[in-house]
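Breakdown of the fold
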Amino acid sequence: MKYNEFEKIMSKPRMDRYLIACSGDSRKAMTLYRINLNLSQQMFTIISCFEIALRNKIDEHYTLIYGNDWLKNSIQIGGFFNGKKTWRTKKTLVASLKKLNSNYTHNKLVAEMDFGFWRYLFAKPQFNAGGKTLLQVFPAKPRSTPSIQYNQTFVFEELKKINNLRNRIAHHEAICFRLGHNTIDTGYVSRHYSLILNLFNWMSIDEKGLLYGIDKVNTSINKINSL
């Protein structure tokens, strides 16, 4: 396909960024766009695997403490999310339960919750309400030092980074550029990729075995860096 046809489909404002980054080389700009799409797909797949692994670890943890219907029961009278400081969490759960209605099962309710919901279980109000035990889902987490506290706030902020990347990809934003610039730079995605692998390790999950055959992130990063 010729560049002018490609640009017409994808839009000039979208493609201008790639063209600038490639010093006006239209063929190179199309190649960069396509590799960025591949990289985005690969990262989204890995984030999805991470999200499922994290929510299952959390579900397993709270099920052992609060029972099989802990998520539904958490917003009932006496439930640990039935309080003023966790009203947003309760609101989300109420809406999801209403949506499920008679089709409710605990597993369906778990599947209804998005990445942001699970991330916010590490926010201070939700973490405290849950009994301050949720860091146990990261049994291989490093010990805190005077300079770095690997507490619930640290985990919350790390998960925020992953959530932000997830949202960027979901909204079709490029991840092959330096943030705020039209310069090719894979540092942003590389850092987040490493972060996800680290958090898999903190959960004592063999990320290489889990992602075998689907993790092509470094291949795409190398292709971008070689342009």
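Scoring rules and cut-offs
- Residues numbered from 1 in each chain as written.
- Predicted model: local features only at pLDDT ≥ 70, side-chain atom pairs only at ≥ 80, totals over all residues.
- Heavy atoms only, no water.
- Helix = DSSP H or I, 4+ residues; strand = E, 2+ residues; numbered from the N terminus.
- Expected span 1.5 Å × (residues − 1).
- Buried < 20%, exposed > 50% of the residue type's maximum accessible area, 1.4 Å probe, protein only.
- Contact = heavy atoms within 4.5 Å.
- Polar contact = N/O pair within 3.5 Å; in protein donor to acceptor, adjacent residues only side chain to side chain.
- 1 Å grid on protein atoms, 1.4 Å probe; cavity = no way out; pocket = protein on both sides within 12 Å on 5 of 7 lines; lining within 4 Å.
- Points joined across faces, edges and corners; volume = space filled by probe spheres on them.
- Arc of directions from axis to C-beta.
- Salt bridge = Lys/Arg side-chain N within 4 Å of Asp/Glu carboxyl O.

With 19 residues, helix α9 (residues 152-170) ought to run about 27 Å at 1.5 Å a step, and its terminal C-alpha atoms sit 26 Å apart, in line with that. Buried residues of α9: Q152, V155, F156, E158, L159, I162, N163, L165, R168 and I169, and no others. Where α9 is buried, its residues touch α3 (26-66), α7 (115-120), α8 (124-129) and α10 (187-202). The N-cap residue of α9 is N151: its side-chain oxygen and the backbone nitrogen of T153 are 3.2 Å apart. Phi turns positive, to about 60°, at H172, one or two residues after α9.

This paragraph deals with unusual backbone geometry. At H172, a residue that is not glycine, the phi angle is positive and equals roughly 60°. Within the fold, H172 resides in the loop between α9 and α10. For H172, a relative accessible area of 59% gives the class exposed. Backbone geometry places S204, a non-glycine residue, at a positive phi of 60°. In this fold, S204 is placed in the loop between α10 and α11 (207-210).

Volume-wise, the largest pocket comes out at about 170 Å³. Every residue along the wall of the largest pocket is listed here: R14, Y18, Y33, N36, L37, S40, Q41, F44, I169, H172, E173 and A174. Mapped onto the lining of the largest pocket, the elements with two or more residues apiece are α2 (12-21) and α3. Counting residues per element, the lining of the largest pocket draws most heavily on α3, at 6 residues.

Bringing helix α12 (residues 217-225) into the picture now. For an α-helix the count is 3.6 residues per turn, leaving residues at separations of three or four pointing the same way. Of the residues making up α12, those classed as buried are V217, S220, I221 and I224. Down the axis, α12 shows its buried residues gathered within 100° of arc, on one side only. Of the surrounding secondary structure, the elements contacted by the buried residues of α12 are α3 and α10.

As a further point, take the environment of Y104. Relative to the assigned elements, Y104 resides in the loop between α5 (87-100) and α6 (106-112). For the pair Y104 and K72, spaced 32 residues apart in sequence, the C-alpha separation works out to 9.6 Å.

For the structure shown, the criterion picks out 6 salt bridges. Between E51 and R166 there is a salt bridge; the shortest N-O distance is 3.5 Å. With E51 in helix α3 and R166 in helix α9, this residue pair connects regions lying 115 residues apart in the sequence. You can call E51 buried: its relative accessible area is 9%. Here R166 falls in the partly exposed class, since its relative accessible area comes to 23%. Close ionic contact of K99 with E112 constitutes a salt bridge, the shortest N to O distance being 3.4 Å. In this pair, K99 sits in helix α5 while E112 sits in helix α6, placing the two residues 13 residues apart along the sequence. K99 gets classed as exposed once you look at its relative accessible area, which sits at 61%.

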